[in-house]
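# Descriptive analysis of the structure
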Amino acid sequence: MLQSGAAGGRGCALCPLLGVLFFQGVYIVLSLEIKADAHVWGYVGENIKLKCTFKSTSSITDKLTIDWTYRPPSSSRTESIFHYQSFQYPTTVGTFRDRISWVGDVYKGDASISIINPTIKDNGTFSCAVKNPPDVYHNIPGTELTVTERGFGTMLSSVALLSILVFIPSAVVGVLLLVRMGRKSAGLKKRSKPGSKKSSIEVSADTDQEKDDCLAKLCVCCAECLDSDYEETY
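In this text the structure is predicted, and so the values were computed from the model without any measurement. Position numbers for residues count from 1 along each chain, tracking the sequence in the order it is written. Residues qualify for local features only when their pLDDT is at least 70, as the model is predicted, and side-chain atom pairs are given and counted only at 80 or more; totals for whole chains, interfaces and linings, by contrast, use all residues. Think of the side-chain values as coming from all heavy atoms in the structure, minus any hydrogens and water.

### A word on the overall build of the protein chain
Rules: A run of DSSP states H or I qualifies as a helix once it reaches four residues; a run of E qualifies as a strand once it reaches two. Both are numbered from the N-terminal end. Three labels apply to residues, based on accessible area from a 1.4 Å probe with only protein chains included: buried if under 20% of the type maximum, exposed if over 50%, partly exposed otherwise in between. A contact between two residues is defined here by any heavy atoms of the two lying within 4.5 Å. Surface accessibility in these figures is a Shrake-Rupley result with a 1.4 Å probe; residues are shielded only by whichever protein chains are displayed.
Scanning the protein chain from terminus to terminus reveals three helices and 11 strands. Helices (α) and strands (β) of the protein chain occur, in sequence order from the N terminus, as α-β-β-β-β-β-β-β-β-β-β-β-α-α. The burial tally for the protein chain puts 21% of its 234 residues in the buried class. A separation of at least 24 residues holds for 56% of the contacts in the protein chain among residues at least 6 apart in sequence. Looking at the protein chain as shown, the accessible area adds up to about 16,900 Å², and 63% of this sits on carbon and sulfur atoms.

### Concerning the pattern of salt bridges
As a reminder of what qualifies: Salt bridge, as used here: a side-chain nitrogen of Lys or Arg that lies within 4 Å of a carboxyl oxygen of Asp or Glu.
Enumeration over the complete set of coordinates arrives at five salt bridges. Between Glu-46 and Arg-150 there is a salt bridge, and its shortest N-O distance comes to 2.8 Å. Of the two residues, Glu-46 is situated in the loop between β2 (39-43) and β3 (48-50) and Arg-150 in the loop between β11 (142-148) and α2 (152-192); the sequence distance between them amounts to 104 residues. The class for Glu-46 is partly exposed, based on a relative accessible area of 34%. With its nearest N and O atoms 3.8 Å apart, the salt bridge here joins Arg-97 to Asp-98.

### Quick look at the pairing of strand β5 (residues 65-71)
Here is the rule: Paired strands, as defined in this entry, are two strands with at least two bridges between them according to DSSP.
Taken together, the seven bridges between β5 and strand β10 (residues 124-131) define a ladder with antiparallel strand orientation. Looking at the pairing, Tyr-70 lines up with Phe-126 of β10. Alignment of β5 against strand β6 (residues 79-84), held across five bridges, turns out to be antiparallel. The residue of β6 that forms the bridge with Tyr-70 is Glu-79.

### Describing unusual backbone geometry
In terms of backbone geometry, most residues other than glycine have negative phi values and most peptide bonds are trans. In this model, Pro-133 is joined to Pro-134 through a cis peptide bond whose omega is 5°. Even without a glycine there, the phi angle at Ser-86 is positive, about 70°. Note on Ser-86: relative accessible area 47%, which makes it partly exposed. Within the chain, Asn-117 stands out as a residue other than glycine whose phi angle is a positive 50°. Looking at the secondary structure, you find Asn-117 in the loop between β9 (113-115) and β10.

### Remarks on the side chain of Ser-127
Secondary-structure assignment places Ser-127 in strand β10. Contacts of Ser-127, omitting those with residues within four sequence positions, involve Asp-67, Trp-68, Thr-69, Ile-140, Pro-141 and Gly-142.

### A word on the environment of Ala-36
Along the chain, the position of Ala-36 falls in strand β1 (residues 32-36). The spacing of Ala-36 and Phe-126 is 90 residues in sequence and 9.7 Å in space, taken between C-alpha atoms. When residues no more than four places from it in sequence are discounted, the contact partners of Ala-36 are Lys-51, Pro-141 and Thr-143.

### A short note on the sheet that holds β9
Sheet strands pair via backbone hydrogen bonds, and the direction of the pair is either parallel or antiparallel. We count it as follows: Axis definition: a line fitted to C-alpha atoms, over the contacting stretch in the case of helices. Angles run 0 to 180 degrees between N-to-C directions.
The antiparallel open sheet is built from three strands, whose spatial order is β3-β9-β8. Each having just a single partner strand, β3 and β8 (100-102) make up the two edges of the open sheet. Within this sheet the neighbouring strands show an average axis-to-axis angle of 30°, counted without direction. Bridge count between β3 and β9: three bridges; the pairing is antiparallel. Following the sheet pairing, Leu-50 is matched in β9 by Ile-113.

Below you can see the structure in the form of structure tokens.
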């Protein structure tokens, strides 16, 4: 009975400890979440953005840190290229010296950076790590970067697309103008034919013109009459 009671006592004593470990495990899983693009493609000489976002259960403080590291292809060696803690600290050594720019906003959960003037030698894996005490347990996503030369085919396709965007509207306007000119020319030819029957619109236009001519003649006659009366008076 004593042994049974002692065993039960030890079991009860372990329960709080197991509960703490369990809740700590849940806390570790849910405390901080980081997301980044799995693969990013870019061209030599054109700035490339490496996107990284995070969600933390704690408020953002000056203790928050962000670290970006780079690992070349087929290598286990990593190097630090950027550090953030209340301010940006891009690397001052190595191949990424003066080529890392901060484009994130920690208050919006953005820890992104940009690579200036990338080269093919920049190909590799970039990792984003964020710590916001007490949230320090998280995943560390990696982004595989592939930088290539912008080939003639790509440049040609861009030029072709631009040409299409400019040519098609111009062609449509030209066709519409030609159709309108053709219709106008056909209408003039139809009017010039002897014995051709005029439309109601044309008849109305001719009638209005005749009325205007008559009114003008009447005005001239009135003016001549007034002049003659004026001369007779004197």
